[in-house]
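# Observations on the model geometry
Given next are the chains, with one letter for each unit.
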Amino acid sequence: MRRADQPQRWVRDPALHAVEMGEEFVMMGLDQGEYYAVKGVAASLWRHLAEPRELAELCALVAEEYDITAERCRDDVAAFLEQLLSKRMVRAAS
Amino acid sequence: MDTRRYTGFGLHIDSDLPLPDLPRRPAGRRPDVVIRRGRVRPPSASARRLPRGLWADGDRIGVDVPDVGRYACERGALITVDAARGARPDAVRLFLLGSALGILLAQRGHLVLHGNAFVVGDACAVVLGRSGAGKSTLAAEMHRRGHVVLSDDVVPVDARGRALPGWPRIKLWQDALDRLGIPLSGLDRVGPGFDKFHVPLERSADPSPMQVRWLYVLDRHDGPLRVVPITGAAAFTSLHEHTYRNEILVGELRRTHLARSADLVRAARLARVDRPRGVDSVAASADAILADIRADDRPGREEELHATSRPAPAVGA
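Residues numbered from 1 in each chain as written. Chains lettered and ligands numbered in written order. Predicted model: local features only at pLDDT ≥ 70, side-chain atom pairs only at ≥ 80, totals over all residues. Heavy atoms only, no water.

## A look at the overall build of chain B
Scanning chain B for helices and strands turns up seven helices and 20 strands. When the backbone C-alpha atoms are referred to their principal axes, chain B occupies close to 55 × 55 × 40 Å. Looking at chain B as a whole, 53% of its 317 residues are labelled buried. By sequence separation, contacts in chain B at least 24 residues apart represent 63% of the contacts at least 6 residues apart. Roughly 14400 Å² of accessible area belongs to chain B as shown, and the carbon and sulfur atoms make up 50% of that amount. (Helix = DSSP H or I, 4+ residues; strand = E, 2+ residues; numbered from the N terminus. Buried < 20%, exposed > 50% of the residue type's maximum accessible area, 1.4 Å probe, protein only. Contact = heavy atoms within 4.5 Å. Areas by Shrake-Rupley, 256 points an atom, 1.4 Å probe, with all protein chains shown as cover.)

Structure, rendered in structure tokens:
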């Protein structure tokens, strides 16, 4: 499995379906009947992942939005990206 | 072969097969749906084989039922029935009006729920639950209390969030009939060898499609009767679980299903009815649901409904 902190750009899997429900996103997983909801920082990361992004870029975007330093949120952003990767919701951008 | 004209779920249906459950309609308008007898080409090598004999093959979605036949649904407009040699007509009809019609309604872009719907005021409530959860018994109870039952077993919800009316009958097991005090005489069996019967409902007029404002999932737990709201991702999981023949949700149908589910979650209240295990009081469940509807039926709701009835923009791709 690829690691989120590789020098690599990541993007949402285009086959994945999601809808915006107020503050949160509800995504349909790959298996029948599997759904995930994300809100807050995770929802804005998801929004940013519409375009191919590197981990450092995602950290910078979140840091700007939430007024914290990129270093402080790096581990959390990497962990969320790992989760998305393990569920095959994002993939390496070519 | 004679073509017979029927209506059901707001559709004009022309059928080679007699369908005594469905109301007839006079000649005139072109049919929305044609049901014909004929040979059904087997699913191709590239077809997706799904559980329960279901398959998806390009534009065709079908179902193979051993000793009954093969059914194919195309473009939400045509069902071809290839009955097995010696198959009983009532068995052929059972799968035609069940799985095959359910598939066709999904192809037409509806969210097809497994449950029943009854009218409350100017809207309707949908009751969902696994087989044997008591959905139909509850519908019969609501009918007894004067609520018009829109449809039983299959509730198609259209792109505007409205439940489409089916035909005026409820399927009940013999024990439920006994409990509700409905006599067996004159009722038709649902299918050969079933102790399940069609109970006709009197309806003064054909009901129109009704806005779905409440959805209740019948469940059981160790504790007293209670109604618990379902929100977030769990609401989507619930709607998926209670979608009729949800195995067919592949390809484009998955996307449509998600968009329709989102519309419904925005416009309606979804809750679970936890009933105590072992005790089965249909009257108590009906009371709890109607009380929940009254508590939710507050002023200002109408505006909210209009504001959220637009189709959801799908993100992704």
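Text resumes after the structure shown.
## Thoughts on a nonpolar patch on the surface
Taken together, the side chains of V41, Y66 and I68 of chain A make up a nonpolar region of the molecular surface, amounting to roughly 220 Å² of accessible area. The topology assignment puts V41 of chain A in helix α1 (residues 41-48). (Patch = residues over 30% accessible without salt bridge, like charges linked within 9 Å, V, L, I, M, F, W, Y side chains within 5 Å. Salt bridge = Lys/Arg side-chain N within 4 Å of Asp/Glu carboxyl O.)

## Topic: the interface of chain A and chain B
By a widespread convention, an interface's size corresponds to the accessible area lost as its parts come together. Each partner contributes residues to the interface: chain A has 20 residues there, and chain B has 21 residues. The contact between chain A and chain B buries some 1700 Å² in all, and 60% of this surface belongs to carbon and sulfur atoms. Seen at the junction of chain A and chain B, the total is zero salt bridges. The interface formed by chain A and chain B includes eight residue pairs in polar contact (both at pLDDT 80 or more). Put simply, the parts of the chain that give the side of chain A that touches chain B at least two residues each are β2 (17-21), β3 (24-28) and β4 (35-38) of chain A. The element contributing the most residues to the side of chain A that touches chain B is β2 of chain A, with five residues. Of the residues contributing to the side of chain A that touches chain B, the split by class is 12 nonpolar, four polar and four charged. (Buried area = accessible area lost by both parts, 1.4 Å probe. Polar contact = N/O pair within 3.5 Å; in protein donor to acceptor, adjacent residues only side chain to side chain. Nonpolar A, V, L, I, M, F, W, Y, C, P; charged D, E, K, R; others polar.)

## A look at the packing of α1 of chain A against helix α2 (residues 55-66) of chain A
Between two packed helices, both the angle of their axes relative to each other and the distance between the axes serve to describe the pair. Residues and elements named next belong to chain A. Where α1 meets α2, the closest approach of the two axes is 10 Å, and the angle between their N-to-C directions is 130°. In terms of orientation, α1 lies oblique with respect to α2. Taken as a pair, α1 and α2 cross one another with a handedness that is right-handed. Listed contacts from α2 to V41, S44, L45 and H48 of α1 are L58, L61, V62, E65 and Y66. (Axes fitted to C-alpha atoms, helices over the stretch in contact; angles between N-to-C directions. Parallel < 35°, antiparallel > 145°, perpendicular 65-115°, else oblique. Left-handed = near helix turned anticlockwise from the far one by under 90°.)

## Considerations on the sheet that holds strand β6 (residues 90-92) of chain A
Residues and elements named next belong to chain A. Overall, antiparallel pairing links the three strands, which are arranged β5-β1-β6 in an open sheet. Of all the strands in the sheet, just β5 (53-54) and β6 have a single pairing partner and so form its edges. Here three bridges tie strand β1 (residues 9-12) to β6, and the two strands are oriented antiparallel to one another. For W10, the partnering residue across the bridge sits in β6 and is A92. (Pairing = 2+ DSSP bridges.)

## A short note on the pattern of salt bridges
Once their charged atoms are close, side chains differing in charge can pair, the charge on each being opposite to the other. Residue and element names in this part refer to chain B. Counting across every chain of the model gives 22 salt bridges over all chains. Across the pair E247 and R52 runs a salt bridge whose closest N-O atoms are separated by 2.9 Å. With a gap of 195 residues between them, E247 in the loop between α4 (232-241) and α5 (252-267) and R52 in the loop between β4 (48-49) and β5 (54-57) connect regions that are remote in the sequence. On the basis of relative accessible area, E247 is assigned to the buried category, the value being 14%.

## Some points on helix α3 (residues 70-86) of chain A
Helical geometry note: an α-helix holds 3.6 residues per turn, so side chains three or four residues apart project in the same direction. All names here are of chain A. Look at α3: 24 Å from first C-alpha to last across 17 residues, which is about the 24 Å you get at 1.5 Å a residue. At D76, α3 shows its maximal kink, close to 25°. Burial in α3 covers these residues: C73, V77, A78, F80, L81, L84 and L85. Where the residues of α3 are buried, they touch β1, β4, α1, α2 and β6. One or two steps after α3, the chain reaches R88, where phi turns positive at roughly 55°. (Expected span 1.5 Å × (residues − 1). Bend = angle between axes of the 7 residues up to and from the residue.)

## Let's talk about the pairing of strand β1 (residues 4-8) of chain B
Residue and element names in this part refer to chain B. Summarising the sheet, β1 and strand β2 (residues 11-15) pair through five bridges and their orientation is antiparallel. Looking at β2, one finds that T7 is bridged to H12. Between the antiparallel neighbours β1 and β2 lie two residues, among them F9 with a positive phi of about 50°.

So far we have only geometry, and geometry alone does not tell us how the molecule works.
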